[in-house]
Amino acid sequence: MATAAPSRPHQVLLRWYDAKRRRLPWRERPTPYRVWISEIMLQQTQVSTVLPYYERFLKKFPAIAALASAPEKDVLRLWAGLGYYSRARNLREAARRIVREHRGEFPDAWESVIDLPGVGRYTAGAVLSIAFNRPYPVLDGNVARVLSRLYALRGNVKSAPIQKKLWRLAEDLLDPNRPGDWNQAFMELGALVCLPQAPLCGRCPLSEKCAARLKGLELQLPETGPKRKPVQLRWTFLWIKKDGKVLLWKRDDSERFLPGHWGLPELRHMKIRPGPIIARLRHTITHHRIRAEVRTTHLLAGNMPPQARWVSRSDIKNYLVSSLWLKVLKSASGYPR
Ligand code: SF4
């Protein structure tokens, strides 16, 4: 490999991890189920945000069987506010598969784990190394940043060739005796010390071996490509009431945003004449900047589409779980106060 290789940092990094690691609930009792849930929740989401969700989720679904037998809307409700709802759907689907195909036990073979819905190379490596002590590496944003700096890797960190290099490095460096702790030590170093904008090199156990630090490149690495340009979208939601109930709409699984979710109908869903605007709001989903308006209107008798359902105001919160819907409801009706 064409990278400058510092000597293996095993002992010093593991010592640092043993002394400085955060006490997090999924680390204290790292069963496969608990590690799996934590790893899925932590994707794109900070630890401080995940903690209360994790506690609530584990309380409601303490084991794989409980998650597998739960209605989807109960799982989504507990996920409300965490975003990326396909993660919750996949978790439930994977739990059902584990019950069906692995007698309710989280599998310990790579092929079975990687085959589960919502599980990719990172998650499979994390669960197998942390919960089963198997020698599989992980590569997330934190690990990629630390490795890029440690080896002063040039090139877009998200590009396929650099990703390949980073996976190879993560694999080569893995401590065969403590692979789970090793992976977590790298992730923890990225989360606490080797920070994206201002790395705390003075507190870093690897500073003497870090090529970026020695070359004065730590603020320039890792290199990233140009940022995605924001995409502007305009949506119109319909607020249709009758006898104290509101018309909700089950979005198709092929929808680009919030597939399979219950929400308010959009104007494009229904051939209907929209009434006056009762609320306007802005919302962001990844790089999409959404400007939405909510309009009242009436449904003509006998015009009930199959995707629609009348839901009482008190029951709405069981259907509308994403932060977008909560924002829409709040601006349209003052809910929930
Ligand atoms: S020395 Fe600085 S740049 Fe290098 S790994 Fe440590 S914190 Fe990151």
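Counting of residues starts from 1 at the beginning of each chain's written sequence and follows it residue by residue. For this predicted model, a pLDDT threshold of at least 70 governs which residues receive local features, and a threshold of 80 or more governs which side-chain atom pairs are given and counted, while totals over whole chains, interfaces and linings are taken from all residues. Remark: hydrogens and water are excluded; side-chain values derive from all non-hydrogen atoms of the structure.

## Some words on the overall build of the protein chain
Argument step 1. Helices and strands together make up the secondary structure of the protein chain, namely 14 helices and seven strands.
Argument step 2. Based on the C-alpha atoms only, the size of the protein chain along its principal axes is roughly 75 × 45 × 35 Å.
Argument step 3. Burial classes: relative accessible area under 20% of the type maximum marks a residue as buried, over 50% as exposed, and values in between as partly exposed (1.4 Å probe, protein chains only). A burial count over the protein chain gives 48% of its 337 residues as buried.
Argument step 4. Of the contacts formed within the protein chain by residues at least 6 apart in sequence, a portion of 65% connects residues at least 24 apart.
Argument step 5. To be clear on the numbers: accessible area is Shrake-Rupley with a 1.4 Å probe, and residue cover counts the displayed protein chains and nothing else. Total accessible area on the protein chain stands at roughly 17500 Å², and carbon and sulfur atoms take up 50% of it.
Argument step 6. Residues scored as charged are limited to Lys and Arg (positive) and Asp and Glu (negative), so that His and the chain ends carry no count. Charge positions come from single atoms, namely NZ of Lys, CZ of Arg, CG of Asp or CD of Glu. Charge separation in the protein chain, taken as the distance between the mean sites of 59 positive and 28 negative side-chain charges, equals 9 Å. Only DSSP runs of H or I with at least four residues qualify as helices, and only runs of E with at least two residues qualify as strands; both kinds are numbered from the N terminus onward. Any two residues whose heavy atoms approach within 4.5 Å are treated as being in contact.

## Quick word on the nonpolar core
As a rule of thumb, nonpolar side chains are buried together in soluble globular proteins.
Argument step 1. Here, the term nonpolar core denotes a set of buried Ala, Val, Leu, Ile, Met, Phe, Trp, Tyr and Cys residues that are joined through side-chain atoms within 4.5 Å. Trp 36, Ile 37, Phe 57, Leu 67 and Leu 147 are the most contacted members of the largest nonpolar core, which totals 100 residues.
Argument step 2. Within the second largest apolar cluster, eight residues are counted, among which are Ile 240, Trp 249, Met 270 and Leu 299.

## Concerning the pairing of strand E5 (residues 277-285)
Argument step 1. By definition, two strands form a pair when at least two bridges between them are found by DSSP. Across eight bridges, the pairing between E5 and strand E6 (residues 288-296) is antiparallel. Counted as the bridge partner of Ile 285 is His 288 from E6.

## Considerations on the sheet that holds E6
Argument step 1. Sheet architecture is open: three strands sit in the order E1-E6-E5, paired in mixed fashion. At either margin of the open sheet sits one strand with a lone partner, and together these are strand E1 (231-239) and E5. Ignoring which end each strand starts from, the neighbouring axes of this sheet average 20° apart. Convention adopted: a line fitted to C-alpha atoms gives each axis, helices being fitted over their contacting stretch, and angles between N-to-C directions are expressed from 0 to 180 degrees.

## Examining the confidence of the model for the protein chain
Argument step 1. Chain-level pLDDT for the protein chain is 91 on average; 96% of the residues reach the 70-or-more range.
Argument step 2. A residue's pLDDT is the confidence the predictor assigns to it, expressed on a 0 to 100 scale. Here residues 1-5 is a poorly scored stretch, pLDDT under 50, and it has ten contacts once near neighbours within four places are set aside; other chains count.
Argument step 3. The complex model carries a pTM of 0.80, and its ipTM stands at 0.99.

## A few points about helix H11 (residues 160-173)
Argument step 1. For H11, with 14 residues, the first-to-last C-alpha span of 20 Å sits near the 20 Å given by 1.5 Å per residue.
Argument step 2. The secondary structure elements touched by the buried residues of H11 are helix H1 (10-20), helix H9 (121-132), helix H10 (141-150) and helix H12 (179-192). Expected helix span is given by 1.5 Å per residue-to-residue step, counting one fewer step than there are residues.

## Side note on the side chain of Ser 148
Argument step 1. Locating Ser 148 in the fold gives a position in helix H10.
Argument step 2. With a relative accessible area of 1%, Ser 148 lands in the buried category.

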